[in-house]
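Per-entry structural report
Next come the chains, spelled out residue by residue.
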Amino acid sequence: MSEQAFTENDWRRLLISLGEDPDRTGLVDTPSRVQKAWKHWTSGYAQDPAELLKAFEDGAEEYNELIVVRNIPVYSHCEHHLAPFFGKAIIGYVPNGKIVGLSKLTRLVDCFAKRLQVQERLTIQIANALMTHLEPKAVGVVVRCRHMCMESRGIRTPGEETVTSSMLGELQPNLGMRTEFLALARED
């Protein structure tokens, strides 16, 4: 463990600084639970997107239409307040001779979401990783999230949704393909 690692004792100190008694029955195990939770919530730093995106060439060589996966869960934490943001991602791509297992797209979103983030960077990281490691003809990513930093503090606007998108490859100049992707990405 590095000298800079945040420990259970640090979580106890946080509870004390809030005016709580960390030895109170309901809080005795909280530092340990919070330590484990943050390890999980930031486990994306230990993941390599290249390892997640092992491609198949079998069966993909003739497929040249959009593949779209919708409703991929997004759970992340804002790097500005460490507050949660959550929602759904839609990923689409046009293969260029290689495809990836559909569950790998969910794992890719999770890899980047389990880091301290801003939604704009999260969206771009997902799209760039797909372009780099899968080398498709086109990639589209749309992320829709609610941000607790806006809903529970500050402006306090419950239910607002932030939508970000990234279109790479043929989705940039090809208006027809872009329109098709956005139609498939639209919520019913």
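The rules behind each value
- Residues numbered from 1 in each chain as written.
- Predicted model: local features only at pLDDT ≥ 70, side-chain atom pairs only at ≥ 80, totals over all residues.
- Heavy atoms only, no water.
- Helix = DSSP H or I, 4+ residues; strand = E, 2+ residues; numbered from the N terminus.
- Buried < 20%, exposed > 50% of the residue type's maximum accessible area, 1.4 Å probe, protein only.
- UniProt positions renumbered as here; feature names shortened; annotations may be inferred.
- Pairing = 2+ DSSP bridges.
- Contact = heavy atoms within 4.5 Å.
- Axes fitted to C-alpha atoms, helices over the stretch in contact; angles between N-to-C directions.
- pLDDT = per-residue confidence, 0-100.
- Left-handed = near helix turned anticlockwise from the far one by under 90°.
- Nonpolar A, V, L, I, M, F, W, Y, C, P; charged D, E, K, R; others polar.

In this section: the overall build of the protein chain. Secondary structure summary: the protein chain contains 7 helices and 7 strands in total. Counting from the amino terminus, the protein chain carries its helices and strands in the arrangement α-α-α-β-β-β-β-α-β-α-β-α-β-α. By principal-axis analysis of the C-alpha atoms, the protein chain measures approximately 65 × 40 × 25 Å. The buried share of the protein chain, taken over its 188 residues, is 39%.

In this section: the UniProt feature "binding site: Zn(2+)" (unreviewed entry) in the protein chain. Here, UniProt's "binding site: Zn(2+)" (unreviewed entry) annotation points to Cys78, His81 and Cys149. Look at the named residues: they lie 72 residues apart in sequence, but the longest C-alpha span between them is just 7.8 Å, so in the fold they bunch up. Tracing the backbone shows cysteine 78 in strand E2 (residues 67–78). We classify cysteine 78 as buried; its relative accessible area is 6%. Take histidine 81: it is sitting in the loop between E2 and strand E3 (84–94). A relative accessible area of 42% means that histidine 81 is categorised as partly exposed.

Our focus in this paragraph is the sheet that holds E2. Within the open sheet, the 5 strands sit side by side as E5-E2-E3-E6-E7. Their pairing is mixed. Strands at the two margins of the open sheet, each flanked by one partner only, are strand E5 (116–117) and strand E7 (162–169). Bridge analysis of strand E6 (residues 138–147) against E7 gives 8 bridges, and the strand direction is antiparallel. Looking at E7, one finds that valine 139 is bridged to leucine 168. Where helix H7 (residues 175–185) meets the sheet, its contacts fall on E2, E3, E6 and E7, and the angle it forms with E6 comes to roughly 35°.

Attention now goes to the confidence of the model for the protein chain. Within the protein chain, residue pLDDT values average 93, and 97% of them lie at 70 or more. Per-element confidence in the protein chain ranges from a low mean pLDDT of 82 for strand E1 (residues 55–56) to a high of 98 for E5.

To continue, consider the packing of helix H1 (residues 8–17) against helix H2 (residues 30–41). Packing of H1 against H2 leaves a shortest axis separation of 8 Å and a crossing angle of 115°. For the element pair H1 and H2, the recorded crossing hand is right-handed. Counted together, Glu8, Trp11, Arg12 and Leu15 of H1 and Thr30, Pro31, Ser32, Val34, Gln35 and Trp38 of H2 form the full contact between these two elements. In the contact of H1 with H2, the residues fall into 5 nonpolar, 3 polar and 2 charged.

The subject of this paragraph is unusual backbone geometry. Its identity is not glycine, yet asparagine 71 carries a phi of approximately 60°, on the positive side. Mapping asparagine 71 onto the fold places it in strand E2. Given the relative accessible area of 44%, asparagine 71 is considered partly exposed. One non-glycine residue with positive phi stands out, namely glutamate 135, at about 55°. Within the secondary structure, glutamate 135 sits in the loop between helix H5 (119–134) and E6.

Across 9 bridges, the pairing between E2 and E3 is antiparallel. Looking at the pairing, histidine 77 lines up with proline 84 of E3. Taken together, E2 and the strand that follows it, E3, pair antiparallel across an intervening segment of 5 residues, in which leucine 82 is found at a positive phi of about 60°. Bridge count between E3 and E6: 10 bridges; the pairing is antiparallel.

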